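In case you want the letters, here they are:
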Amino acid sequence: MRIKYFIMFQLLLIFISGCSNSESDTEKGDFINTTFSGYIVKKEIGRVLVTNYIADSENKSEAIWVITSMELDIGDRISVEFDGGLETSNPAQGKAKKIGVTHDEQQNEKSKKEAIVKAINECKDMDVPVIKTIDYNITENKWAVVLFDSKKNFEEKEITIDLSVLHNSVSEKKR
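Since this is a predicted model, take the numbers as computed values, not measurements.

Student: Explain helix 2 (residues 109–122) to me, using residue names and the numbers behind them.
Tutor: If you check helix 2, its first and last C-alpha atoms are 20 Å apart, about what 14 residues at 1.5 Å a residue would give, namely 20 Å. Every buried residue of helix 2 is listed here: Ser111, Lys112, Ala115, Ile116, Lys118, Ala119 and Ile120.

Student: Residues and numbers for the pattern of salt bridges, please.
Tutor: Going through the model one piece at a time under the given rule, you end up with nine salt bridges. Of the charged contacts, one joins Lys43 and Asp73 as a salt bridge, the two residues approaching to 3.6 Å between their closest N and O atoms. With Lys43 in strand 1 (residues 35–44) and Asp73 in the loop between strand 3 (61–67) and strand 4 (77–82), this residue pair connects regions lying 30 residues apart in the sequence. In this structure Asp73 comes out as partly exposed when scored by relative accessible area, which is 35%. Lys113 is paired through a salt bridge with Asp76; the nearest N and O atoms lie 2.9 Å apart. Here Asp76 lies in the loop between strand 3 and strand 4 and Lys113 lies in helix 2, a separation of 37 residues in the sequence. Owing to a relative accessible area of 24%, Lys113 belongs among the partly exposed residues under this scheme.

Student: Can you break down the packing of aromatic side chains residue by residue, with the values?
Tutor: A full pass over the atoms with the stated rule returns two aromatic pairs. Seen in terms of ring centroids, Tyr53 and Phe148 are 6.0 Å apart; in terms of plane orientation they differ by 80 degrees. Their pairing is edge-to-face. Here Phe148 lies in strand 7 (residues 142–149) and Tyr53 lies in strand 2 (residues 47–53), a separation of 95 residues in the sequence. Tyr53 sits in the partly exposed class, given a relative accessible area of 22%.

Student: Which residues make up the sheet that holds strand 4, and what values do they have?
Tutor: What holds strands together in a sheet is hydrogen bonding between their backbones, with the strands either parallel or antiparallel. Read around the closed barrel, five strands run 1-2-3-5-4, paired in mixed fashion. Strand-to-strand twist across the sheet, computed as the mean angle between neighbouring axes with direction ignored, equals 55 degrees. With five bridges connecting them, strand 1 and strand 4 associate as antiparallel partners. Each bridged residue has a counterpart across the sheet, and for Ser37 the counterpart in strand 4 is Ser79.

Student: Break down the environment of Val101 for me, citing the residues and quoting the values.
Tutor: Positionally, Val101 belongs in strand 5 (residues 92–102). Residues Val101 and Ser79, 22 residues apart in the sequence, show an inter-C-alpha distance of 6.4 Å.

Conventions we followed
- Residues numbered from 1 in each chain as written.
- Predicted model: local features only at pLDDT ≥ 70, side-chain atom pairs only at ≥ 80, totals over all residues.
- Heavy atoms only, no water.
- Helix = DSSP H or I, 4+ residues; strand = E, 2+ residues; numbered from the N terminus.
- Expected span 1.5 Å × (residues − 1).
- Buried < 20%, exposed > 50% of the residue type's maximum accessible area, 1.4 Å probe, protein only.
- Salt bridge = Lys/Arg side-chain N within 4 Å of Asp/Glu carboxyl O.
- Phe/Tyr/Trp six-rings, centres within 6.5 Å; stacked < 30°, edge-to-face > 60°.
- Pairing = 2+ DSSP bridges.
- Axes fitted to C-alpha atoms, helices over the stretch in contact; angles between N-to-C directions.

Scope: geometric values only; no functional claims are made or implied.
Shown next as structure tokens:
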């Protein structure tokens, strides 16, 4: 009879320890944050895809579908505070509680946004485009946008947007 109680006690301990979680999801390093910032790279009804390049990370990027009714555009750099947790799908998904659009005071935001839109349009084959860098050459009046697809391969593409010719001169260079 004591062996029966001993085995039941052991099983109960295993069950209880299996259900407890000593670390929260954020302590384990899982991708569950309450805030996130990055560039909008895709737009659908009721949601936008926001990606962020992370230089010193194994994954190199983060991507979240942000559910929102706010009117946002591709190329906007935003900061999102989420309402509750995130679904850890790939890309993750979460409902926005608060969204702020970030502006770079040193650069012309309109032309920067236009360059991002044109670069993303040139890379329509990318499932989850991530903007690695975006630089403006003032003497040549050109933007250089380096992107990669975090879903397929990490091959980088550099898209040069010539603003002096406006809509006609877009060149692509593989890195």
